[in-house]
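These are the residues of each chain, in order.
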Amino acid sequence: SDAAYKKEGQTCCLCIPIQCGMKVMAILNIISAIGTIIQGAVAMAQSPGNGVMFLLLALLPLLVSWKWFLWLKEDTEETTDQLVKWMRLQFFVNSVLQIVIGILVIAGVFTDCGPDVSQEDCEKIFAEHRSMIIAPVILQVCISILIMFYFYNVTRRYKDAFHS
């Protein structure tokens, strides 16, 4: 029947049952959050200003990880709905940030050739070779956005199959 296919026919990564894929994504997201907190603590110890900035930028992913934890603890319509909403928000925020950072990289905002090369020489070298980074940066931005969309879409499909 259609209802059975709706639940049983859903997969994650083309071959994993969607329930298993959701649990794997939840566990990996929670492990990533723990790593982010540790990385933030190290950044705070090395440079408090950078550490605070790091943790502020990590706030949304940490909140999404919390939603994954709540969903993993208890898979209900409410926790699934909250997870889908936060994944959607993270998708849009991540997409905007990926595009902005890609533009800044192509514009040469993050040039650093190391201590042996002056900033002026570094900027000159970058300007001469800028065309070499345009395609890889655009490709990286597109792939990152597509992957994030896929993860959001899996949560949405799971919600539609099991909580609608």
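For the structure, see preceding data.
The present account deals with the structure reproduced in this document. What you see is a predicted model, and the numbers here were worked out from it, not measured in a lab. (Residues numbered from 1 in each chain as written. Predicted model: local features only at pLDDT ≥ 70, side-chain atom pairs only at ≥ 80, totals over all residues. Heavy atoms only, no water.)

What to know about the overall build of the protein
Phase 1 of the analysis: If you tally the helices and strands in the protein, you get seven helices and two strands.
Phase 2 of the analysis: Each helix and strand of the protein, ordered N terminal to C terminal, gives the series α-β-β-α-α-α-α-α-α.
Phase 3 of the analysis: Taken over the C-alpha trace, the protein has a radius of gyration of 20 Å; the compact-globule value for 164 residues is 15 Å, which it surpasses by more than 25%.
Phase 4 of the analysis: With respect to the three principal axes, the spread of C-alpha positions in the protein is 65 × 35 × 20 Å.
Phase 5 of the analysis: Residues classed as buried in the protein amount to 29% of the 164 residues present.
Phase 6 of the analysis: Residue pairs at least 24 apart in sequence account for 67% of intrachain contacts in the protein once pairs closer than 6 positions are excluded. (Helix = DSSP H or I, 4+ residues; strand = E, 2+ residues; numbered from the N terminus. Rg over C-alpha atoms; globule rule 2.2 N^0.38 Å. Buried < 20%, exposed > 50% of the residue type's maximum accessible area, 1.4 Å probe, protein only. Contact = heavy atoms within 4.5 Å.)

Some words on the side chain of Thr-80
Phase 1 of the analysis: With respect to the helices, strands and loops of the structure, Thr-80 is situated in helix α5 (residues 77-107).
Phase 2 of the analysis: A polar contact is formed between the side chain of Thr-80 and the side chain of Trp-71, at a distance of 3.2 Å.
Phase 3 of the analysis: Those residues in contact with Thr-80 that sit more than four places away from it in its chain are Trp-71, Asp-75, Tyr-158, Lys-159 and His-163. (Polar contact = N/O pair within 3.5 Å; in protein donor to acceptor, adjacent residues only side chain to side chain.)

Some details on the pattern of salt bridges
Phase 1 of the analysis: Taken as a whole and assessed by the stated rule, the structure comprises three salt bridges.
Phase 2 of the analysis: Here Asp-81 makes a salt bridge to Lys-159, at a shortest N to O gap of 3.1 Å. In this pair, Asp-81 is assigned in helix α5 and Lys-159 in helix α7 (residues 131-162), connecting sequence segments 78 residues apart.
Phase 3 of the analysis: Looking at Lys-159, the relative accessible area reads 21%, which means it is partly exposed. (Salt bridge = Lys/Arg side-chain N within 4 Å of Asp/Glu carboxyl O.)

A word on the layout of surface pockets
Left-over empty space is what a probe sized like a water molecule reveals as it rolls over the atoms.
Phase 1 of the analysis: Size it by volume and the largest pocket reaches roughly 730 Å³.
Phase 2 of the analysis: In terms of lining residues, the largest pocket is bounded by 28 residues, among which Asn-29, Ser-32, Pro-61, Gln-90 and Met-148 are the most central.
Phase 3 of the analysis: In terms of residues, the lining of the largest pocket owes the most to one element, helix α2 (residues 18-46), which gives nine residues.
Phase 4 of the analysis: Looking at the lining of the largest pocket residue by residue, the class counts come to 20 nonpolar, eight polar and no charged. (1 Å grid on protein atoms, 1.4 Å probe; cavity = no way out; pocket = protein on both sides within 12 Å on 5 of 7 lines; lining within 4 Å. Points joined across faces, edges and corners; volume = space filled by probe spheres on them. Nonpolar A, V, L, I, M, F, W, Y, C, P; charged D, E, K, R; others polar.)

Structural notes on the nonpolar core
Phase 1 of the analysis: Core analysis: the biggest nonpolar cluster contains 20 residues, and Met-22, Trp-68, Trp-71, Leu-83, Met-87 and Val-154 have the highest contact counts within it.
Phase 2 of the analysis: Among the elements of the structure, α2, α4 (59-73), α5 and α7 are those that each provide at least two residues to this core.
Phase 3 of the analysis: Here Met-87 is in contact with Val-64, Trp-68, Met-148, Phe-151, Tyr-152 and Thr-155, once residues within four sequence places are set aside. (Core = buried A, V, L, I, M, F, W, Y, C linked by side-chain atoms within 4.5 Å.)

Focus: the environment of Leu-83
Phase 1 of the analysis: Summarising the element assignment, Leu-83 is placed in helix α5.
Phase 2 of the analysis: Along the chain, Leu-83 and Ser-65 lie 18 residues apart, while their C-alpha atoms are 9.1 Å from each other.
Phase 3 of the analysis: With sequence-adjacent residues up to four places away left out, Leu-83 is seen in contact with Met-22, Val-64, Lys-67, Trp-68, Trp-71 and Thr-155.

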